[in-house]
Amino acid sequence: MMKEEIRAGIDDATRLEKMYRSNSAGFKQAFNEIYPELTDRQVAAYWYERLNYEGDGINWGTGRELVMIIAASLFAGLVAKLPAFLHLEEDFFYPRNVGFVVFPVLSAYFAWKNKLPAGKVTAIAAVTLIAVLFINSLPDVKTSDTLILSCMHLLLLLWSVLGFAFVGEAGNNEEKRLAYLKYNGDLVVITALILLAGGIMTGVTIGLFELIGFHIEKFYFENVGVFGLAAAPIVGTYLTRANPQLVGKVSPVIAKIFSPLVLVMLVVYLIAIVYANKDPYNDRQFLIVFNALLIGVMAIIFFSVAESTKATKSRMEAWVLLLLAFVTIVVNGVALSAILFRISEGGITPNRAAVLGGNVLILVNLVLVTVKLFAVTSGKAGINVVGKIITFYLPVYVVWTVIVTFVFPFIFGFK
């Protein structure tokens, strides 16, 4: 439909501009597909350059924005160093507050970039403040499962707040929510590269100082290393937003490569479990690893779909995602049956309740995604319908995160 509209309105500048503003990603994809038919039209050449132009170097943005990123990075590093400055116990501080090192800073950055109104900025600040006060007021019980669950799910809650700031005014815009998932994938790639480069520089620096008799390892890791780790995702965010071309071509390739590889690995792993006589019904540690695997595969599916909506998706790639989703349902079924078995044998506990709820939510999400992927492989729908169902379901995870973080400690008596 978009292709026909572009062909029909190729000489109507106003019409093309309206189409582009209403759906820039879809317009670019459709235009690039039909551009070979329009190479003799000067206006088509203009639009092609406009849509596909990439600068020759790195865009460092405005001086004001660069100063803000530097200040944000320093602030994050100072938060990470609070135990040293205030003589706090690291075992108490970091499990509860590690999420506050980066997430609030990134939320503030996107709130500023999106020019959010005062009401939404206040909401973001209020949720963050409530989370800080709540998690640090929980009893310091070393063996508390609810404390561990709250700390883990608090990270997801802060991630959700960051998504709220990222989406901005378009709260119900599926494309913006999907863009947030894509941003997370891009951020993982660029942050990994930054940390790799930082690791190389760290090794060279420590080695050079050792040659002249100075052993700076402890000082370096406690100061430079801490600030560098805190700054990496902030600098990575800035680079990906100012230079989308940095990982814009890498991320789709990663998605295309890893989706089939993960599918093969998952099938082989399930077969190996049978041969190894592993029992997730009675082996608690194995069940934990199994659930971690499930979450990781879900993330890969989401990332692949987020990337696929920005580029042409072949039928074969859609089939790979469908098979991956189906196999993941099998994995989820095993994990769900195992946790139900453990509950029937030993009763309900905070951990079992959290895993049960999470597995049920993931199973429903997987079934919905699988149904949409089947429609895509059957030629009845485009890949965008999968993205829509994923983004539609995200608030469900947010609600569950809030329940586990704030309600579980009281339900289970802080045990």
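Please refer to the structure higher up on the page.
Each value, and the rule that gives it
- Throughout this description, residue numbers start from 1 for each chain and increase along the sequence as written.
- For this predicted model, a pLDDT threshold of at least 70 governs which residues receive local features, and a threshold of 80 or more governs which side-chain atom pairs are given and counted, while totals over whole chains, interfaces and linings are taken from all residues.
- As a convention, hydrogens and water are excluded, and side-chain values are obtained from all of the structure's heavy atoms.
- Helical segments are the DSSP runs of H or I of at least four residues, strand segments are the runs of E of at least two, and each set is numbered from the N terminus.
- For this analysis, a polar contact is any N or O atom pair within 3.5 Å, provided that within protein one partner can donate a hydrogen and the other can accept it, and provided that sequence-adjacent residues contribute only side-chain to side-chain pairs.
- Contact criterion: two residues are considered in contact whenever any of their non-hydrogen atoms come within 4.5 Å of each other.
- Side-chain atoms within 4.5 Å link the members of a nonpolar core, which is a set of buried Ala, Val, Leu, Ile, Met, Phe, Trp, Tyr and Cys residues.
- Residue exposure (1.4 Å probe, protein chains only): buried if accessible area is under 20% of the type maximum, exposed if over 50%, otherwise partly exposed.
- A pair is scored as a salt bridge if a Lys or Arg side-chain nitrogen falls within 4 Å of a carboxyl oxygen belonging to Asp or Glu.

Chemist: If you had to explain the side chain of Thr391 to someone new, which residues and values would you point to?
Modeler: Position of Thr391 among the secondary structure elements: in helix H18 (residues 384-411). A polar side-chain atom of Thr391 sits 3.0 Å from the main-chain carbonyl oxygen of Lys388. Beyond its immediate stretch of four places on either side in the chain, Thr391 contacts Glu174, Arg177 and Leu178.

Chemist: How would you sum up the nonpolar core? Please name residues and give values.
Modeler: Grouped together as the largest cluster of nonpolar side chains are 41 residues, with contacts concentrated most on Ile301, Leu373, Val386 and Ile390. If you list the elements that add at least two residues to this core, you get helix H11 (174-211), helix H14 (250-276), helix H15 (284-308), helix H16 (315-346), helix H17 (350-377) and H18. Ranked by residues supplied to this core, first place goes to H16 with 14 residues. Those residues in contact with Ile301, other than ones at most four positions away along the chain, are Leu324, Ala325, Thr328, Leu366 and Val369.

Chemist: I'd love a proper account of the pattern of salt bridges, names of residues and values included.
Modeler: Applying the stated criterion across every chain, the model contains 4 salt bridges. Linking Asp140 and Arg96 is a salt bridge whose minimum nitrogen-to-oxygen distance equals 3.8 Å. Taken together, the residues Asp140 in the loop between helix H9 (118-137) and helix H10 (145-167) and Arg96 in helix H7 (residues 90-97) connect sequence positions 44 residues apart. Assessed through its relative accessible area of 42%, Asp140 is described here as partly exposed.

Chemist: An account of unusual backbone geometry is requested, with residue identities and associated values reported.
Modeler: In this model, His87 sits at a positive phi of 55°, which is unusual for a non-glycine residue. Along the chain, His87 falls in the loop between helix H6 (82-86) and H7. A relative accessible area of 72% means that His87 is categorised as exposed. One non-glycine residue, Lys115, adopts positive backbone phi at about 55°. In this fold, Lys115 is placed in the loop between helix H8 (99-113) and H9. Residue classification places Lys115 among the exposed positions, given a relative accessible area of 71%.

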